[in-house]
Amino acid sequence: ALEPLSVGLAIGVASALTGYLSHPSFYCSFVECCPHAGHSLNATALKMHLDSKLFGQHLAKDVVLKAVMGFSSNPSPKKPLTLSLHGWAGTGKNFLSQILAESVHHAGLRSKFVHLFLATLHFPHHDQLKLYQEQLQNWIRGNVSACPHSIFIFDEMDKMHPGLIDAIKPFLDYYEQVDGVSYRKAIFIFLSNAGGDLINKAALDFWASGKQREDIQLKDLEPMLSVGVFNNKNSGLWHSSLIDRNLIDYFVPFLPLEHKHVKMCVRAEMHARGYLVDEKIVQAVADEMTFFPKEQKIYSDKGCKTVQAKLDIHED
């Protein structure tokens, strides 16, 4: 028979060991955990990542950095942070959403708390609108219940059925709770090519008037962008209650990229591949891109979207 003292000691050691192994700081070093209530973002690290990966987008970087840091430092936000990113393909919308996701959850887009929806993949059939609305509500409700700091990214908004996104309106509104769940710490990001033409025209007008690109301010584009998207049947936000109720915090414009920005993308890609930067190759890749307007050839019509593929053919 075991001595009472020995049994008591064994139970005590087992209890202590169990407590240590189950402690959040230990457990979360092996398993991804939802950020704790007092979690705050590192503004310096976020700015550094934006500066090193997102080129030619002074407006987007400034607006998103301030919006995210203000939201993160607020212990009791009144609603989820909701951003709508607009601009032509290849200008950096996906890059920014990826960087933002990594700043909240280290695994970024691989995190179980970051949810990416593609309109053409997840909502392909327009005749199943009601089903998609119900599925979307259930998915968001379940995941925010599991982690209040969940991030939801909706790509290809311009291909989404009008009215579908309105299903999440209750989650974005100024409610303390909806059916016992608070959505106030979540982040919602919409990505869309809609409004790109408006942004490009405004940028070209600035150039034609002799103004510096960096002088373009949010107030020069956001009002026009929100109205244009609201009235665009192919925006995914056509006549949306999200705009009507002012539930989108910022409409973030992504400007068309110039030659120098394309070169920056090429250099960044070469660094990412571990190559020494060869300016002849940088110039060769940039020269293979197409630019608009036809006469002036100022802006890349595909942004940096095809840089990786074009760099492939220059590999030794």
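Bear in mind that the values here come from a model prediction, so they are computed numbers and not experimental data.

**Some details on the domain arrangement of the protein chain**
(1) Moving on: Segmenting the protein chain into domains produces domain 1 (43-254) and domain 2 (257-312).
(2) Moving on: Taking only C-alpha atoms into account, the centre of domain 1 sits 26 Å from that of domain 2.
(3) Moving on: Taking both partners together, domain 1 and domain 2 bury about 1,200 Å²; carbon and sulfur atoms supply 71% of that area.
(4) Moving on: Together, Phe55, Trp207 and Arg213 form the three largest contributors to the area buried by domain 1 at its contact with domain 2, with a combined 44%.
(5) Moving on: Put simply, domain 1 and domain 2 have 1 salt bridge between them.

**Here's the deal with the packing of helix 12 (residues 259-272) against helix 13 (residues 279-288)**
(1) Moving on: Put simply, helix 12 and helix 13 touch, their axes get as near as 9 Å, and they point 125 degrees apart. Judged on the interaxial angle alone, helix 13 and helix 12 are oblique. Of the two possible hands of crossing, helix 12 and helix 13 adopt the one that is right-handed. Together, Val262, Lys263, Val266, Arg267 and Met270 of helix 12 and Glu279, Ile281, Val282, Gln283, Val285 and Ala286 of helix 13 make up the contact between the two elements.
(2) Moving on: Along the lines of polarity and charge, the residues of the contact of helix 12 with helix 13 split into 7 nonpolar, 1 polar and 3 charged.

**A short note on the UniProt feature "binding site: ATP" (unreviewed entry) in the protein chain**
(1) Moving on: The UniProt record marks Gly87, Trp88, Ala89, Gly90, Thr91, Gly92, Lys93 and Asn94 with the feature "binding site: ATP" (unreviewed entry), using the residue numbering of this structure.
(2) Moving on: Structurally, Thr91 is set in the loop between strand 1 (81-86) and helix 5 (93-104).
(3) Moving on: If sequence neighbours within four positions are ignored, Thr91 has contacts with Leu54, Gln57, Phe254, Leu255, Pro256 and Leu257.
(4) Moving on: Within the secondary structure layout, Asn94 lies in helix 5.
(5) Moving on: Look at Asn94 and you get partly exposed, because its relative accessible area is 40%.
(6) Moving on: The residues contacting Asn94, other than those within four sequence positions of it, are Asp155 and Leu191.

**Side note on the nonpolar core**
(1) Moving on: Formed by 72 residues in total, the largest nonpolar core has its most connected members in Ile140, Phe154, Ile165, Ile168, Phe188 and Phe190.
(2) Moving on: In this structure, Phe188 is in contact with Pro80, Leu81, Thr82, Leu83, Ile140, Phe152, Phe154, Ile168, Phe171 and Leu172, ignoring residues within four places of it in sequence.
(3) Moving on: Membership of the second largest hydrophobic core comes to 14 residues, among which are Phe55, Val266, Met289 and Cys304.

**Details of the packing of helix 9 (residues 196-208) against helix 10 (residues 218-230)**
(1) Moving on: Here helix 9 crosses helix 10 at 150 degrees, and the two axes come no closer than 10 Å. Relative to helix 10, helix 9 is oriented roughly antiparallel. Along this stretch, helix 9 crosses helix 10, giving a crossing that reads as right-handed. Across the interface between the two elements, Leu198, Ile199, Ala202 and Phe206 from helix 9 touch Asp220, Leu221, Met224, Leu225 and Gly228 from helix 10.

**With respect to the pattern of salt bridges**
(1) Moving on: Applying the stated criterion across every chain, the model contains 13 salt bridges.
(2) Moving on: Between Lys47 and Asp51 there is a salt bridge, with the nearest N and O atoms lying 2.8 Å from each other. Separated by 4 residues within a single helix, Lys47 and Asp51 lie in helix 3 (residues 43-53), roughly one turn from each other.
(3) Moving on: You can call Lys47 partly exposed: its relative accessible area is 43%.
(4) Moving on: Its relative accessible area of 37% is what places Asp51 among the partly exposed residues.
(5) Moving on: Residues Lys159 and Asp158 are paired through a salt bridge, measuring 3.6 Å at the closest nitrogen-oxygen approach.
(6) Moving on: Judged by its relative accessible area of 42%, Lys159 is partly exposed.
(7) Moving on: Linked through salt bridges whose partners overlap, the residues forming this network are Lys47, Asp51 and Lys61.

**Digging into unusual backbone geometry**
(1) Moving on: The peptide bond linking Phe292 to Pro293 adopts the cis configuration, its omega dihedral lying at -10 degrees.
(2) Moving on: As for its position among the elements, Pro293 is in the loop between strand 6 (291-292) and strand 7 (299-300).
(3) Moving on: The phi angle at Asn246 is positive, at roughly 55 degrees, despite the residue not being glycine.
(4) Moving on: Relative to the assigned elements, Asn246 resides in the loop between helix 11 (241-244) and strand 5 (250-253).

Conventions used here
- Residues numbered from 1 in each chain as written.
- Predicted model: local features only at pLDDT ≥ 70, side-chain atom pairs only at ≥ 80, totals over all residues.
- Heavy atoms only, no water.
- Domains from an automatic or database assignment.
- Buried area = accessible area lost by both parts, 1.4 Å probe.
- Salt bridge = Lys/Arg side-chain N within 4 Å of Asp/Glu carboxyl O.
- Axes fitted to C-alpha atoms, helices over the stretch in contact; angles between N-to-C directions.
- Helix = DSSP H or I, 4+ residues; strand = E, 2+ residues; numbered from the N terminus.
- Parallel < 35°, antiparallel > 145°, perpendicular 65-115°, else oblique.
- Left-handed = near helix turned anticlockwise from the far one by under 90°.
- Contact = heavy atoms within 4.5 Å.
- Nonpolar A, V, L, I, M, F, W, Y, C, P; charged D, E, K, R; others polar.
- UniProt positions renumbered as here; feature names shortened; annotations may be inferred.
- Buried < 20%, exposed > 50% of the residue type's maximum accessible area, 1.4 Å probe, protein only.
- Core = buried A, V, L, I, M, F, W, Y, C linked by side-chain atoms within 4.5 Å.

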